[in-house]
Amino acid sequence: MRPYADPPAGRYVDPVSKLTQIGRRLRRRPANTIFVLSGGAVRGAAQVGMLRTLLRNGVVPDQVVGVSVGALNGLHLATDPTLRQVDNLEALWLKVVEREPIRGNVFRTMLSIVRGRPSFDTGDRLREFIEEHVPVADLAETTLPFHLGTTNASTGLVEWWRSGPAVDLLCASAAVPGMLPAVELADGHHHLDGGVVSNIPVRYAMSLAPTRLVVLDVASRFLPPEKHTALSLMMVGFRAATAEVTHQEWADVPKGLDVLHVAVPGEDAGLDIDFDEVPELIEKGEAAAETALTAN
């Protein structure tokens, strides 16, 4: 007498065999390396150096997520994820050293505040630069999936775009409150810098089911109290709120996920619009990526 009856023909599944099949499917899961490019104003130049080092070492994206200056860099990368494109991007950054796309005069800043203007720069020069050099007319035309974040000025929420007019969306994502004017987009709302709410958007990147997360972090750091200026103190509240959200977003990243976090060290002040620092920042980005790859 058998201790148990035979299973119905064709319906019995060996649990060990089932686990083996699941394991094989997981191993066959297609790679989905997502590059996350943070905001950081002129510090975004460092992302050029980061990208050069990463691509040279065979670290390439399957999708690209960007906000603020990271959206500007990210769109070029998603359009052509090659070292040649990184060289083109570096040439664009060196152009802004010669003719700054944002007017950073302190007197102009204070005068705009006193007069009650929505921003101390009209944004015309930046729009002109973007129009001249944008690699695609619509976000949907990129080679790799590209995700651009803006902050809806009516709701305070981040909205993500996979298609739409590239120039308008890039201008909106770069519109730092007070520095550049909000941009009206196709949804009828005015939008601001995506980094206002999510400056290192790892939470959104996690929604794309990455197998590897590569974070190009050029977010501004805090100065020690003795080095603060009146202008840098104006930015403390904004950066403190952003830093808290960033901390919460990092907490959502599973510990087992392969994460390569490339960050530029150092402190800075003011509005991060000293374009004379571009060549040095590019070099710092290359060095930061080399350090991160060695430690990873």
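To be clear, the structure that these remarks concern was listed above.
To start, this report covers the structure provided alongside it. As the structure is a computational prediction, the values presented were derived from the model and not from experiment. (Residues numbered from 1 in each chain as written. Predicted model: local features only at pLDDT ≥ 70, side-chain atom pairs only at ≥ 80, totals over all residues. Heavy atoms only, no water.)

1. Details of the side chain of Asn32
Structurally, Asn32 is set in the loop between helix 1 (15–27) and strand 1 (33–37). Residue Asn32 is classed as buried on the basis of its relative accessible area, which comes to 11%. In terms of polar contacts, Asn32 uses its side chain to reach the backbone carbonyl oxygen of Ala209, at 3.0 Å. Not counting the four nearest positions on each side in its chain, Asn32 is found in contact with Asp62, Gln63, Leu208, Ala209, Pro210, Thr211 and Arg212. (Helix = DSSP H or I, 4+ residues; strand = E, 2+ residues; numbered from the N terminus. Buried < 20%, exposed > 50% of the residue type's maximum accessible area, 1.4 Å probe, protein only. Polar contact = N/O pair within 3.5 Å; in protein donor to acceptor, adjacent residues only side chain to side chain. Contact = heavy atoms within 4.5 Å.)

2. Side note on the nonpolar core
Within the largest apolar cluster, 59 residues are counted, with the highest numbers of intra-cluster contacts made by Phe35 and Trp93. For this core, the element with the most residues is helix 10 (residues 278–295), which contributes seven residues. With near-sequence residues (within four places) excluded, Phe35 lies in contact with Leu51, Leu54, Val59, Val60, Pro61, Gln63, Val64, Val65, Leu77, Val214 and Leu216. Ile200, Leu208, Val215 and Ala219 belong to the second-largest nonpolar core, a separate cluster that totals 13 residues. (Core = buried A, V, L, I, M, F, W, Y, C linked by side-chain atoms within 4.5 Å.)

3. Brief notes about the pairing of strand 1
Burial analysis of strand 1 places five of its five residues in the buried class, the great majority of the element. Side chains Thr33, Phe35 and Leu37 project from strand 1 onto one buried face, and the interleaved Ile34 and Val36 project onto a second face that is buried too. As paired elements, strand 1 and strand 7 (residues 212–217) share five bridges and run parallel to each other. Counterpart to Val36 in the pairing with strand 7 is Val215. Traced from strand 1 through helix 2 (residues 46–56) to strand 2 (residues 63–67), the parallel crossover comes out right-handed. (Pairing = 2+ DSSP bridges. Right-handed = clockwise from strand over helix to strand, strands pointing away.)

4. Remarks on the side chain of His76
Structurally, His76 is set in helix 3 (residues 69–79). Owing to a relative accessible area of 11%, His76 belongs among the buried residues under this scheme. Within polar-contact distance, the side chain of His76 engages the backbone oxygen of His133 at 3.4 Å. Setting aside residues up to four positions removed in sequence, His76 forms contacts with Gln85, Leu89, Leu92, His133 and Pro135.

5. Describing the packing of helix 3 against helix 4 (residues 83–98)
Packing of helix 3 against helix 4 leaves a shortest axis separation of 9 Å and a crossing angle of 145 degrees. Helix-helix and strand crossings are classified by hand; for helix 3 and helix 4 the assignment is right-handed. Contacts from Val69, Asn73, His76 and Thr79 in helix 3 reach Gln85, Leu89, Leu92 and Trp93 in helix 4. When grouped by side-chain class, the residues that make up the contact of helix 3 with helix 4 number four nonpolar, four polar and no charged. (Axes fitted to C-alpha atoms, helices over the stretch in contact; angles between N-to-C directions. Left-handed = near helix turned anticlockwise from the far one by under 90°. Nonpolar A, V, L, I, M, F, W, Y, C, P; charged D, E, K, R; others polar.)

6. Things to note about a negative patch on the surface
A cluster of like negative charges, contributed by Asp124, Glu128, Glu131 and Glu132, occupies part of the molecular surface. Tracing the chain through its elements places Glu131 in helix 6 (residues 124–133). (Patch = residues over 30% accessible without salt bridge, like charges linked within 9 Å, V, L, I, M, F, W, Y side chains within 5 Å. Areas by Shrake-Rupley, 256 points an atom, 1.4 Å probe, with all protein chains shown as cover. Salt bridge = Lys/Arg side-chain N within 4 Å of Asp/Glu carboxyl O. Lys, Arg positive; Asp, Glu negative; His and termini not counted. Charge placed at Lys NZ, Arg CZ, Asp CG, Glu CD.)

7. Some thoughts on the pattern of salt bridges
According to the stated counting rule, one finds eight salt bridges in the structure shown. A salt bridge links Asp80 to Arg84, with the shortest nitrogen-to-oxygen separation between them at 3.3 Å. For Asp80, a relative accessible area of 17% corresponds to the buried category. For Asp258, the salt bridge is made with Arg212, and the minimal N-O distance between the two is 3.0 Å. Here the residue Asp258 occupies a position in strand 8 (residues 258–263), and Arg212 occupies one in strand 7, the gap between them amounting to 46 residues. Overall, the relative accessible area of 33% leaves Asp258 in the partly exposed class. Taken together, the shared-partner salt bridges in this structure form one network comprising Arg52, Asp87, Glu90 and Glu286.

8. Here we look at the packing of helix 2 against helix 3
Viewed as axis vectors pointing N to C, helix 2 and helix 3 meet at an angle of 35 degrees, and their least axial separation amounts to 11 Å. As helix 2 runs across helix 3, the sense of the crossing is right-handed. Each of Gln47, Leu51 and Leu55 in helix 2 lies in contact with helix 3, whose residues at this interface are Val69, Gly70, Asn73 and Leu77. For the contact of helix 2 with helix 3, the class distribution of residues is four nonpolar, three polar and no charged.

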